[in-house]
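Below, each chain spelled out in residue letters.
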Amino acid sequence: MSDANHARRTAVYLLDQVLGEGRLLAECYAAGALEKLAPENRARAQRLAVETLRSLERADRILKKHLKKTPPLMVMNALRLGTVELCSGGAAHGVVNAMVAIVSNHRRHGQLKGLVNAILRKVADEGPEEWAKLRVPRLPNWLRKPLVQAWGAEAMLSMEAAHYAGAPLDITGKPGADLQALGGVLLPTGSLRIAGAGQVSALPGYREGDWWVQDAAAALPALILNALQGEQALDLCAAPGGKTMQMAAAGAKVTAVDISESRVARLRENLERTGLEAELVVADALEQTGQYDAVLLDAPCSATGTIRRHPDLPQAKDGSEFGALIELQAQMLAHAWTLVKPGGRLMYCTCSLLPDEGECQVEEALEMFPDMAADREALKMPGVDADWITEEGGLRLRPDYWPEQGGMDGFYMALLRKTA
Ligand SMILES: C[S@@+](CC[C@H](N)C(=O)[O-])C[C@H]1O[C@@H](n2cnc3c(N)ncnc32)[C@H](O)[C@@H]1O
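Thresholds, definitions, all that
- Residues take numbers from 1 onward in each chain, read along the sequence in its written order.
- A pLDDT threshold of at least 70 governs which residues receive local features in this predicted model, and a stricter bar of 80 or more applies before side-chain atom pairs are shown or counted, although totals over entire chains, interfaces and linings include all residues.
- Side-chain measures here rest on the full set of heavy atoms in the structure, leaving out hydrogens and waters.
- UniProt positions are given in the numbering used here, feature names are shortened, and annotations may be inferred rather than shown by experiment.
- Grid spacing is 1 Å over the protein atoms alone, the probe is 1.4 Å, and a cavity is where that probe fits but cannot get out, while a pocket is an open set with protein on both sides within 12 Å along at least five of seven lines and lining residues have an atom within 4 Å of a point.
- Grid points are joined across faces, edges and corners, and a volume is the space filled by probe spheres set on the points.
- Strands are runs of DSSP state E lasting at least two residues, helices are runs of H or I lasting at least four, and both sets are numbered from the N terminus onward.
- Each residue gets one of three labels, nonpolar for Ala, Val, Leu, Ile, Met, Phe, Trp, Tyr, Cys and Pro, charged for Asp, Glu, Lys and Arg, and polar for the others, Gly among them.
- Burial here depends on accessible area, computed with a 1.4 Å probe over protein chains only, as a share of the maximum for the residue type. Under 20% is buried, over 50% is exposed, and the range in between is partly exposed.
- For two strands to be treated as a pair, DSSP must find no fewer than two bridges joining them.
- Under the pairing criterion, centres of Phe, Tyr and Trp rings, with the six-membered ring standing for Trp, must be within 6.5 Å; the plane angle then separates stacked pairs below 30 degrees from edge-to-face pairs above 60, leaving the rest tilted.
- Only Lys NZ and Arg CZ are tested; either one counts as a charge over a ring when it is within 6 Å of the ring centre and within 35 degrees of the ring normal.
- The working definition used for a salt bridge is a side-chain nitrogen of Lys or Arg within 4 Å of a carboxyl oxygen of Asp or Glu.
- Residue ranges assigned to each domain were obtained from an automatic or database domain assignment.
- Joining two parts hides part of their accessible area as seen by a 1.4 Å probe, and the buried area is that hidden amount summed over both.

The protein chain appears in an unreviewed UniProt entry as Methyltransferase domain-containing protein from Leisingera caerulea. The UniProt entry for the protein chain carries this comment under Sequence similarities (unreviewed entry): "Belongs to the class I-like SAM-binding methyltransferase superfamily. RsmB/NOP family."

(A) Region of interest: the layout of surface pockets. The space that makes up the second largest pocket amounts to roughly 520 Å³. In terms of lining, the second largest pocket is formed by 21 residues, of which the most central are R9, T10, V12, Y13 and D16. Secondary structure elements with two or more residues in the lining of the second largest pocket: α1 (3-21) and α5 (73-87). Sorting elements by how many residues they give to the lining of the second largest pocket places α1 first, with six residues. Grouping the constituent residues of the lining of the second largest pocket by class yields nine nonpolar, six polar and six charged.

(B) Representation of the pairing of strand β9 (residues 340-350) in the model. For β9, the buried fraction is high: eight of the 11 residues fall into the buried class. Sheet analysis places strand β8 (residues 292-298) next to β9, joined by six bridges and oriented parallel. Its bridge partner lying in β9, V295 is registered against L346. With six bridges joining them, β9 and strand β12 (residues 411-418) adopt antiparallel strand pairing. When the sheet's bridge partners are listed, Y348 is paired in β12 with A414.

(C) How the structure looks around the packing of aromatic side chains. Enumeration according to the criterion identifies four aromatic pairs in this entry. Here W388 and Y401 contribute two aromatic rings whose centre-to-centre distance is 4.5 Å and whose plane-to-plane angle is 5°, an arrangement assigned as stacked. Taken together, the positions of W388 in the loop between β10 (372-374) and β11 (395-397) and Y401 in the loop between β11 and β12 put the pair 13 residues apart, joining distant regions of the chain. With respect to class, W388 is no different from Y401; both count as buried. One cation-aromatic arrangement involves K418 over W337; the distance from NZ or CZ to the ring centre is 5.1 Å.

(D) Quick look at the pattern of salt bridges. Considering all chains together, one arrives at 21 salt bridges under this definition. Between R135 and E57 there is a salt bridge, with its nearest N and O atoms 2.9 Å apart. Linking R135 in the loop between α7 (113-133) and α8 (141-151) with E57 in helix α4 (residues 56-64), this pair joins segments that are 78 residues apart in sequence. Judged by its relative accessible area of 35%, R135 falls in the partly exposed class. Judged by relative accessible area, E57 falls into the buried class, the value being 17%. Among the salt bridges present, the one from K317 reaches E321, with a minimum N-O distance of 3.1 Å. Through salt bridges that share partners, D215, R308, R309 and D409 make up one connected network.

(E) Layout of the domain arrangement of the protein chain. One can read the domain layout of the protein chain as domain 1 (3-133) and domain 2 (170-418). Computed over C-alpha atoms only, the centres of domain 1 and domain 2 are separated by 35 Å. Carbon and sulfur atoms make up 64% of the area that domain 1 and domain 2 hide from each other, which totals about 750 Å². Of all residues in domain 1, L24, L53 and R54 give up the largest surface area on contact with domain 2, accounting jointly for 50% of the area buried on that side.

Take a look at the structure:
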């Protein structure tokens, strides 16, 4: 099998895992799904799976016309991948033959190769023209409904357009690092944005540890917390460490806590590459003790703010985990508050679009703790629209913000000060 077909076959496997087993792509990669591929083919398989998931609704609409009944999932996914490739400029001959070969090699479904051939030939003829007329893919209803309720139908369509457009590469530089060789655009909040970056580890300054990958929205919590030279800072739920590195680079003495050993290993690698220092602790944030000037809690959440880069999430999940996450966030926020020195501050944030994981958590904490006050002034900075500041005093970011610059991740953050 050619390299390209190997990548395609792996992409079909990844689609089977996401759509059949409810697994996230990151879980599949961690379990070794890409191990047998050469590095350039890994990137190719990932890109094919991600593009197919992002365009799933469009592919299904085109295929529906040609299918009398839904074939087994593996065959359906091969058809989906073929359709996405054909409708985004793939050469008909190569794509059709590849998908036929992949299905014909399958132990149980090999006999359906004729069906795949017939359907993809039709798609090759008619699909590309139809594709352009189809609507921007919508989120599945389990997620669309609460988001429409929170932000309205019009905002939902803008967010879906942002999800479909995908995300550029944003990086955070070490203070004083010369990032000119990277090109890109300096965003008003200080992140550097690079379109069509290619392989990250091949970019100038990566090996030297001059910068790290971090969405512009994800860079704001540590900027707003503003841990200073010599301050004791605690990063709860820290891995892979974007915010730990920001605080360490600012000169704070950082303790970084995360429950996942493998994710802390990634955090350690990131610190080694960038030459930054932090004390690393593999533990449950709820067990952490001590008193700190600045605490950052990037609580585990639905991650619904990251769909631009993770289109697998709405397809693999169904919302059944939300209740437990919301409860855990409330517990973590209350515990984090006990770790803040009088006169100190807590940054609470989540990469979620759901108010239950952001606005509501802070609203309830403000009611519960009389010594807690939300600092609105700290949220004002170039590039941040005053309208994004919320009633309870947090900052709401959405993927449809900064549309001309290429959007941003969905995020919520609030800076909570403890009265001395
Ligand atoms: C949103 S990610 C953190 C991203 C990180 N702050 C950054 O900027 O790179 C959430 C993290 O919470 C960690 N986590 C989940 N439950 C935890 C717990 N009970 N205690 C500590 N960490 C936890 C996960 O392992 C995961 O690394």
